[in-house]
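# Geometric and topological summary
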2 protein chains.
Amino acid sequence: MDFKPIRTKKIYEEIIDQVKELIAGGHLSPGDKLISERDMADRLKVGRSAVREAFRALEAMGIIEIRQGGGTFIKEVSTDSLAEALALFLMTERDTTRELLELRKILEVEAAGLAALRHSPEELDKMEEALKQMEEDFASGDLGQQADYNFHYALAEASHNSLLVRLMDSIADTMQRVLKTARLELYRTPGTPQRLLREHYTVFEAVKGGQDQKARRAMFEHLDRVEKAILK
Amino acid sequence: MDFKPIRTKKIYEEIIDQVKELIAGGHLSPGDKLISERDMADRLKVGRSAVREAFRALEAMGIIEIRQGGGTFIKEVSTDSLAEALALFLMTERDTTRELLELRKILEVEAAGLAALRHSPEELDKMEEALKQMEEDFASGDLGQQADYNFHYALAEASHNSLLVRLMDSIADTMQRVLKTARLELYRTPGTPQRLLREHYTVFEAVKGGQDQKARRAMFEHLDRVEKAILK
DNA sequence: ATTAGATAAGTGGTATGACCATCTGAACAC
DNA sequence: GTGTTCAGATGGTCATACCACTTATCTAAT
């Protein structure tokens, strides 16, 4: 005999569930306006506070958008809430730098392989553009970090897996936040920017040539070297 | 000259940010109790409503846990919020099941390789235990889903990358939420449970023997088959 | 007829106070 | 030591009042 704990459901929870059901059932779509807080409180025979609290939670989930004076709208499920959840996921202090770098390597090596198989000409152009920008940055004494980011982002997009793009982007953000100093040191080591550029070009040429194994290897070696430099 | 829109920050937003900063700065840790709503409202010289709304949003983000009569606590960053955001993403965006399965494959294939190189005897025991449980479940007409989960979780842990463990767990949770029916069908196809068990054993033997490439290949083939069955 | 400005109405944001529901810890009895 | 009771703490709900912002409508000027 298994007795489960009984827990009465909060009013705001009921409201949240109702809104979710309306969306899942197709009765509410992105862009649709919800009835006003006052109207909903009247109809549901509850206080306005409970409605507000439910709306606040739905907002935090990225399901609705609340505009003061304007009303409350169903959002396109955008990259925002997933990106935020990913950011939160990576926010913990318990993970070591080694683990983060390793995860990044797992994803980027495979993204390079997929990019080699799936890229479009436009995506190749973006990667090449980023490489050119990187080259110019180095020539002018700049560190080229934005161009580096652009290259990796374009490559992620060339994988044609939007989840992978978002996850890799979140990881890039986290690294930017956590490894800022270590990366600056890396870029400032004489000869390193030029080597990094060469490695990026190797990855690019493999992707361009549709050689997925070669792209994987090139990316692995690139990131392995970065990892070793950061972790020493 | 670029003028940006000015938008005053809502009080509840300020509160959310402050709590987040306390956590990010290490002043609040999982398990810690926040001051009461009334106390916080007094200290911040704001109304209790704003505090409540901020707390409701933080709750929806999975950052805090609110217990009526008990107080408000910082949560362990669990896999729940990411799994929920992923589930929402899957329900509303097209082609994302394919992407999630692909991401899962990328991670699990590499986890298998790392597990082959890094496992401890205890972790091997757990994997073996799960396989035995799977075998018993199939023999008694059960679907063996819990044992399947246990196997994959033990393998993730054997990778010795806690970030990878948590990410894979979130994905498993998401699949449980969204792909429930498709997986039930898969398990009910005659002959499939036995084949799945064999595939799991192949992965296990490679991990046990420290053969990382073989483990990767076995896991790839296993998940590739699962993917094709789910997506057909 | 069109445009600009003013105003009213609608909607979300904040605060306060009252009271209810649940939990926790202390005190007391056995 | 264990079980029960109760007070106090804390979260949950409601109502009301008023503020802040947006949208729609009306009026006056051109």
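Now for a quick tour of the structure. (Residues numbered from 1 in each chain as written. Chains lettered and ligands numbered in written order. Predicted model: local features only at pLDDT ≥ 70, side-chain atom pairs only at ≥ 80, totals over all residues.)

In this section: the nonpolar core. The tendency in soluble globular proteins is for nonpolar side chains to be buried side by side. In this structure, A112(A), L155(A), V207(A), A112(B), L155(B) and V207(B) are the most contacted members of the largest nonpolar core, which totals 83 residues. Ranked by residue count, the leading element in this core is helix α5 (residues 96–118) of chain B, at 11 residues. Those residues within four positions of L155(A) in sequence are excluded, and the remaining contacts are A111(A), A112(A), A115(A), M127(A) and V207(A). The next biggest cluster of nonpolar side chains, apart from the first, holds 30 residues, and it includes V51(A), F55(A), L58(A) and Y12(B). (Core = buried A, V, L, I, M, F, W, Y, C linked by C-beta atoms within 7 Å. Buried ≥ 20, exposed ≤ 12 C-beta atoms within 10 Å, placed from the backbone. Helix = DSSP H or I, 4+ residues; strand = E, 2+ residues; numbered from the N terminus. Contact = placed C-beta atoms within 7 Å.)

What follows concerns the protein's contact with DNA strand D. Around DNA strand D, the surrounding shell holds 21 residues, and the nearest of these are I11(A), V46(A), G47(A), G69(A) and S36(B). At the level of elements, α1 (11–24) and α3 (48–60) of chain A together with α2 (37–44) and β3 (71–74) of chain B are the ones that each hand at least two residues to the surface near DNA strand D. In terms of residue count, α3(A) provides more of the surface near DNA strand D than any other element does, 3 residues in total. Taken together, the residues of the surface near DNA strand D break down into 5 nonpolar, 11 polar and 5 charged. (Near = placed C-beta within 6 Å. Nonpolar A, V, L, I, M, F, W, Y, C, P; charged D, E, K, R; others polar.)

Right, let's get into the packing of helix α8 (residues 162–178) of chain A against α5(B). Direction vectors running N to C along α8(A) and α5(B) enclose 55°, while the axes themselves pass 8 Å from each other. The angle between the axes of α8(A) and α5(B) places the two elements in the oblique class. Here α8(A) contributes S162(A), L163(A) and L164(A) to the contact with α5(B), which in turn contributes T96(B), E99(B), L100(B) and L103(B). Split by residue class, the contact of α8(A) with α5(B) holds 4 nonpolar, 2 polar and 1 charged. (Axes fitted to C-alpha atoms, helices over the stretch in contact; angles between N-to-C directions. Parallel < 35°, antiparallel > 145°, perpendicular 65-115°, else oblique.)

Moving on, we come to the interface of chain A and chain B. With 31 residues of chain A in contact, the opposing surface of chain B contributes 30 residues. Listed by contribution, the elements that provide at least two residues to the side of chain A that touches chain B are α3, α4 (79–90), α5 (97–118) and α8 of chain A.

By themselves, these observations are geometric and do not establish any function.
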